[in-house]
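Here are the chains, one letter per residue:
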Amino acid sequence: RLFDTNILNDAAQGGADAVQCGNEQMKAGAFNRYITPANFARFFDLCVKAMHAVRPDIPVILGSLDPHVGGVDYQPLVDQAHYLDAMQQAMNTVVHPGGSWSWRSQTVGLIDSWHNGYPNQSVNSLYGLFVFWAQQFHVNLNSGDLGKHLWVVEGTGCVNGCGINASSSYDVAVSHILTLITDVQTTLRYRVPFFYFSSRDFYLDGVSWPMGVLDS
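The paragraphs below set out a description of the structure included in this document. In this text, all values refer to a predicted model and were calculated from it rather than measured experimentally.

## Let's talk about the sheet that holds strand E3 (residues 107-113)
Sheet architecture is open: 5 strands sit in the order E1-E2-E3-E4-E5, paired in parallel fashion. The open sheet has two edge strands with one neighbour each: strand E1 (19-21) and strand E5 (194-196). Adjacent strand axes in the sheet meet at a mean angle of 35° when their direction is disregarded. Strand direction decides the pairing type here: E3 and strand E4 (residues 150-156), joined by 6 bridges, are parallel. Across the sheet, Gly109 pairs through a bridge with Trp151, a residue of E4. Packed on one face of the sheet, helix H5 (residues 169-190) meets E3, E4 and E5 and runs near 165° to E5.

Structure (structure tokens):
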């Protein structure tokens, strides 16, 4: 079974701003399982039908793009666009033969996990990602139209393997606070819906993830 319809029904009736069908489906790793574009097309089609059967007006997010650094990781971003192209082809040849479904007509989820604003304002992965995806959706970034096509479903600062001294609570705290401020400024300027990942620190497989901005 691809999914539990009871869970999807609960999600559709929960009054959420949107429901996200899929998550980092194009990523392979210790915590991710790569899904072929054809299989993801099948899943997304079924998920959308299940959502709209319960609540026809609920926005459905097309999965989420696993995090890369905007303005730096150009080829990985191109690869993500190619994945979506392959999914589109599968949707129109296998799932709905002869169809005209386009991922550019959907709302695509985006993850950004970087120390935006730290150590200075020139560091802004989120802006770089907005520039790239505005080009892919053929919209003017300054028009505010990108928010019709792209939602940041998971925004957060980073800790491990990104140049932040994870052993320094000061560096972690300052970088996270500056990231939150920078992300808010960037999303307000370009009018893209943004959801902060967590206000809590947590442990995963013995690794500390101090992600939260709890208080001053």
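Let's pick the thread back up.
## Observations concerning the nonpolar core
Looking at soluble globular proteins, one finds that nonpolar side chains tend to be buried together. Among the nonpolar cores identified, the biggest contains 40 residues, and Phe44, Leu62, Leu110, Phe130, Trp133, Leu146 and Leu150 are the most heavily contacted of them. For this core, the secondary-structure elements that each account for two or more residues are E1, helix H2 (37-54), strand E2 (60-65), helix H3 (74-95), E3, helix H4 (125-137) and E4. If sequence neighbours within four positions are ignored, Leu146 has contacts with Phe130, Trp133, Ala134, Phe137, Val139, Leu141 and Val192. Ranked by size, the runner-up nonpolar core spans 5 residues in total, among them Tyr118, Cys158, Cys162 and Val172.

## Overview of the packing of aromatic side chains
The geometry of an aromatic ring pair comes down to the distance between the two centres and the angle between the two planes. The full count for this structure, using the stated rule, is 12 aromatic pairs. Here Phe40 and Phe44 contribute two aromatic rings whose centre-to-centre distance is 6.2 Å and whose plane-to-plane angle is 40°, an arrangement assigned as tilted. Taken together, the residues span about one helical turn, with Phe40 and Phe44 both in helix H2 at a distance of 4 residues. Exposure remark for Phe44: the relative accessible area of 1% places this residue in the buried category. Pairing Phe44 with Trp101 gives two aromatic rings, centres 6.3 Å apart and planes at 65°, and the pair type is edge-to-face. Of this pair, Phe44 sits in helix H2 while Trp101 sits in the loop between H3 and E3, and the two are 57 residues apart along the sequence.

## Let's talk about the environment of Phe31
Of note, Phe31 is situated in the loop between E1 and H2. In the structure, Phe31 is positioned 96 residues away from Tyr127 in sequence and 26 Å away in space, judged by C-alpha atoms. Residues in contact with Phe31, not counting those within four places in the same chain, are Leu204 and Asp205.

Parameters at a glance
Residues numbered from 1 in each chain as written. Predicted model: local features only at pLDDT ≥ 70, side-chain atom pairs only at ≥ 80, totals over all residues. Heavy atoms only, no water. Pairing = 2+ DSSP bridges. Helix = DSSP H or I, 4+ residues; strand = E, 2+ residues; numbered from the N terminus. Axes fitted to C-alpha atoms, helices over the stretch in contact; angles between N-to-C directions. Contact = heavy atoms within 4.5 Å. Core = buried A, V, L, I, M, F, W, Y, C linked by side-chain atoms within 4.5 Å. Buried < 20%, exposed > 50% of the residue type's maximum accessible area, 1.4 Å probe, protein only. Phe/Tyr/Trp six-rings, centres within 6.5 Å; stacked < 30°, edge-to-face > 60°.

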